[in-house]
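Topology and contacts: notes
Chain by chain, the residues:
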Amino acid sequence: MTTAIDTDARPTIESPDGAALIELIGVTKTYGEGTAAFQALAGVDIRIEDGEFVAIMGPSGSGKSTVMNILGCLDTPTTGAYCFRGIHVEELSRNQRALLRRHCLGFVFQGYNLLARTTALENVELPLLYRGVPLRERRAAARDALALVGLTGWETHTPAELSGGQQQRVAIARALVTNPAIIIADEPTGALDTRSSLEVMEILQRLNRERELTTLLVTHEHDIGRHARRLITLRDGRVQHDLPVEQPLDAAKGLEELPAEDPNDEILDNFQGGAARPHAQ
Ligand code: ADP
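Notes on the structure in this doc start here.

Reading the values: the criteria
Residues numbered from 1 in each chain as written. Predicted model: local features only at pLDDT ≥ 70, side-chain atom pairs only at ≥ 80, totals over all residues. Buried ≥ 20, exposed ≤ 12 C-beta atoms within 10 Å, placed from the backbone. Helix = DSSP H or I, 4+ residues; strand = E, 2+ residues; numbered from the N terminus. Arc of directions from axis to C-beta. Near = placed C-beta within 6 Å. Nonpolar A, V, L, I, M, F, W, Y, C, P; charged D, E, K, R; others polar. Axes fitted to C-alpha atoms, helices over the stretch in contact; angles between N-to-C directions. Parallel < 35°, antiparallel > 145°, perpendicular 65-115°, else oblique. Left-handed = near helix turned anticlockwise from the far one by under 90°. Contact = placed C-beta atoms within 7 Å.

Those residues of helix α1 (residues 64–71) lying buried are Lys64, Thr66, Val67, Ile70 and Leu71. Seen end-on, α1 carries its buried residues on one side only, within an arc spanning 165°.

What follows is the structure, encoded as structure tokens:
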């Protein structure tokens, strides 16, 4: 099968009329075989349009990771279809799926997944380096992406010199730098304190509002899920609820309402490696 994603040149994938950005149709997933077989997904239908901000929630074992692995092109459904702008992903070769993943999807993980001993700027540049983008161009794009997440002045810091919240912002910048069709954020605030969690949510909400960046968030924290504009709840491998959030929480407002930071925090940050202040440029 020949598609727009057969080469590593930047593919231009547009939705044919009526096709959603993402559509799962009757997706099932069975792990193992015979008597050991376990059905993790029992017929999931999810449609996500451009510009949406969707959260997927559900108890442990409900199938969230399985759905994410399928959407992220790391796994394929046992039955059913996964369409990305009308392209049947389950019919693509492994290589084509890797290209789709690299070109169209931006990932943010709970554990940041940054390269140690590598500066924030170089971490953000990396996806563009893999694509063969010339140095000057990728450096400029990485600086712009870091500015979008409020990290101008922090370009030369390594992950060890950044707080957890700052590392996650670098990871968001790295996901943004390729201009993906969708950001898939898997428990992005799972390892963060309240303030850092709200800072991450403020960035995701702002990018969604101002740049219409489609965002799919997986979380087990209800207060985090309520920042999305639509909430999908999974249970036992099925969609239990799929509803608009009537009044999404506003992370910017949440940050304003937090009590002022303890001045001792800054002393502690400096002691721990200077994460409180950017290096002079
Ligand atoms: P969640 O992310 O919501 O915790 P998962 O998608 O990880 O749920 O898992 C859904 C169900 O599928 C769980 O019962 C889990 O034990 C099972 N499962 C997940 N991956 C595998 C696997 N590779 N082999 C067998 N069972 C699996």
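In the vicinity of the ligand, the residues found are Tyr31, Gly32, Phe38, Ala40, Gly58, Ser60, Gly61, Ser62, Gly63, Lys64, Ser65 and Thr66. Only β2 (38–48) and α1 provide two or more residues apiece to the shell around the ligand. Here the residues of the shell around the ligand sort into three nonpolar, eight polar and one charged.

Once that is clear, we can look at the packing of helix α5 (residues 164–176) against helix α6 (residues 194–211). Close contact between α5 and α6 brings their axes to 9 Å; oriented N to C, the two are set at 20°. Considering the angle they form, α5 stands roughly parallel to α6. The chirality of how α5 crosses α6 is right-handed. Contacts between α5 and α6 involve Gly164, Gly165, Gln168, Arg169 and Ile172 from the former and Ser196, Glu199, Val200 and Ile203 from the latter. Partitioning the contact of α5 with α6 into residue classes produces three nonpolar, four polar and two charged.

Looking now at unusual backbone geometry. Located in the positive-phi region is Glu212, a residue other than glycine, with phi close to 50°. Looking at the element boundaries, Glu212 is found in the loop between α6 and β8 (214–218). Among the residues examined, Glu212 registers 12 C-beta atoms within 10 Å and is labelled exposed. Phi at Asp236 is positive, roughly 50°, even though this residue is not glycine. Tracing the backbone shows Asp236 in the loop between β9 (230–235) and β10 (238–244). The exposure class of Asp236 is partly exposed, given the 14 C-beta atoms found within 10 Å.

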